Amino acid sequence: MRVVVTGATGRTGGEVAREVAGRGHELVPVSREPAGTVAGADLRPAEDLPALLADAAVLVDFTVPVASVDYVGHAAEAGVPAVVGTTGFDSGGMSALDDAAESVPLLKASNFARGVQALLNVVREAATALPGYDVELTETHHNGKRDAPSGTATTLLDALDDAREESLDRTHGREGEDPREPGQVGVHVRRAGNVRGEHELMFADNDEVLTLTHRAESRGVFAAGAVDAAEWLPGRAPGRYEFGDVIGDGDD
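Residues numbered from 1 in each chain as written. Predicted model: local features only at pLDDT ≥ 70, side-chain atom pairs only at ≥ 80, totals over all residues. Heavy atoms only, no water.

(A) Here's a closer look at the UniProt feature "binding site: (S)-2,3,4,5-tetrahydrodipicolinate" (unreviewed entry) in the protein. Following the UniProt record, one finds the feature "binding site: (S)-2,3,4,5-tetrahydrodipicolinate" (unreviewed entry) at His142, Gly151 and Thr152. Lining residues of the largest pocket drawn from the annotated list: His142 and Thr152. Within the secondary structure layout, Gly151 lies in helix α6 (residues 151-164). The buried category is assigned to Gly151, whose relative accessible area is 14%. If we ignore the near neighbours within four places in the chain, the residues touching Gly151 are Thr87 and Ser110. Note that Thr152 resides in helix α6. The exposure class of Thr152 is buried, given its relative accessible area of 4%. Setting aside anything within four residues of it in sequence, one finds Thr152 in contact with Ser110, Asn111, Val116 and His199. (UniProt positions renumbered as here; feature names shortened; annotations may be inferred. 1 Å grid on protein atoms, 1.4 Å probe; cavity = no way out; pocket = protein on both sides within 12 Å on 5 of 7 lines; lining within 4 Å. Helix = DSSP H or I, 4+ residues; strand = E, 2+ residues; numbered from the N terminus. Buried < 20%, exposed > 50% of the residue type's maximum accessible area, 1.4 Å probe, protein only. Contact = heavy atoms within 4.5 Å.)

(B) Spatial organisation of the sheet that holds strand β9 (residues 134-141). Strand order in this open sheet of five strands is β10-β11-β9-β12-β13, and the pairing throughout is mixed. Both edges of this open sheet fall to β10 (169-172) and β13 (208-215), since each of them pairs with a single strand only. Taken over all neighbouring pairs, the strand axes of this sheet differ in orientation by 20 degrees on average, direction set aside. Along the sheet face, helix α5 (residues 114-129) touches β12 (198-205) and β13 and points at about 160 degrees away from the line of β13. (Pairing = 2+ DSSP bridges. Axes fitted to C-alpha atoms, helices over the stretch in contact; angles between N-to-C directions.)

(C) View of the packing of aromatic side chains. Under the defined criterion, the tally for this structure stands at three aromatic pairs. Seen in terms of ring centroids, Trp232 and Tyr241 are 5.5 Å apart; in terms of plane orientation they differ by 80 degrees. Their pairing is edge-to-face. There is no split in this pair, since Trp232 and Tyr241 are both buried. Cluster of aromatic residues (ring-pair linked, three or more members): Phe62, Phe112 and Phe243. (Phe/Tyr/Trp six-rings, centres within 6.5 Å; stacked < 30°, edge-to-face > 60°.)

(D) Focus on the nonpolar core. Counting 27 residues, the largest nonpolar core has Val5, Val16, Val60, Val83, Leu107 and Phe112 as its most contacted members. Elements with a minimum of two residues in this core: β1 (2-6), α1 (11-22), β6 (58-61), α7 (220-232) and α8 (243-248). Leave out the neighbours within four places in its chain, and Val5 touches Gly13, Val16, Ala17, Val20, Leu27, Val28, Pro29, Val30 and Val60. (Core = buried A, V, L, I, M, F, W, Y, C linked by side-chain atoms within 4.5 Å.)

(E) Structural context of the UniProt feature "active site" (unreviewed entry) in the protein. The sites that UniProt annotates as "active site" (unreviewed entry) are His141 and Lys145. The annotated residues named above include His141 and Lys145 as those lining the largest pocket. Inspection of the secondary structure puts His141 in strand β9. Not counting residues up to four positions away in its chain, the partners in contact with His141 are Ser150, Arg190, Arg191, Ala192, Val195, Arg196, Gly197 and His199. A polar atom in the side chain of His141 sits 2.8 Å from the side chain of Glu139. Structurally, Lys145 can be placed in the loop between β9 and α6. What Lys145 contacts, discounting residues up to four positions off in sequence, is Thr87, Ser150 and Arg191. (Polar contact = N/O pair within 3.5 Å; in protein donor to acceptor, adjacent residues only side chain to side chain.)

(F) Spotlight on the domain arrangement of the protein. Segmentation of the protein into domains returns domain 1 (2-112 + 219-249) and domain 2 (114-216). Distance between the C-alpha centres of domain 1 and domain 2: 28 Å. Each side of the interface is counted separately: domain 1 has 13 residues, and domain 2 has 14 residues. For the pair domain 1 and domain 2, the summed buried area comes to about 1200 Å², and 51% of that belongs to carbon and sulfur atoms. Put simply, domain 1 and domain 2 have one salt bridge between them. Among the salt bridges present, the one from Asp228 reaches Arg114, with a minimum N-O distance of 3.2 Å. The tally of links between domain 1 and domain 2 comes to six residue pairs in polar contact (both at pLDDT 80 or more). Of all the secondary-structure elements, those providing two or more residues to the side of domain 1 that touches domain 2 are α7 and α8. (Domains from an automatic or database assignment. Buried area = accessible area lost by both parts, 1.4 Å probe. Salt bridge = Lys/Arg side-chain N within 4 Å of Asp/Glu carboxyl O.)

In structure tokens, the structure reads:
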């Protein structure tokens with residue numbers, strides 16, 4: 001299977017490229033500043049992407065929102081399925097992904113770790129079983145991460161809202177005189193070192209505290225999940241898909 005990986009010189013994109021090659025697929029690594037090789041394959045310039053997609057089975061994108069919208073648009077024009085791990089899209093970017101999904105199958109996920117999918121399920125259960133409990137979320141990532149809070153944190157908060165059937169007021173940090181108000185969820189962001197990704201949700205009330213935590217020890221976790229998605233997506237009908245669809249389908 002010929003797999004085009006955009007952002008192949010980035011932290012996660014490079015891991016994805018190596019995972020693709022390690023599984024025996026034909027790797028086409030793409031970068032805005034091509035120089036050298038990744039996983040034994042020559043880097044190709046981003047401006048060549050339309051031609052590179054001509055005989056590709058799938059595109060895997062871990063870049064930045066502006067570039068991702070452009071790359072996914074080319075994939076849609078070429079009829080190539082797209083796996084998107086880029087986070088930080090605004091409403092316009094999300095609309096562009098929806099437009100592309102009208103032509104090709106598109107799988108967008110904020111996190112490709114299987115443990116995070118399990119965490120999402122547990123968060124929904126906890127939110128339902130503990131109505132009215134105070135909730136605080138803390139997430140930590142490396143010092144080069146651009147978006148805050150992380151896409152995974154936002155996905156966890158969305159799952160919390162869905163389970164409680166209400167939109168909690170997302171309070172980003174606290175300073176000065178700022179007592180907690182009903183209907184709030186505190187969101188705290190830390191950026192330091194080379195932390196791959198850590199998310200913690202705390203439920204507290206009734207003289208008890210429940211803490212749910214996921215920590216990624218390696219970016220290889222995300223790369224493996226992204227390539228699982230890339231292997232699963234081709235042949236699907238056009239539309240939007242999530243990583244949970246891959247796991248729920250047994251990766252078949």
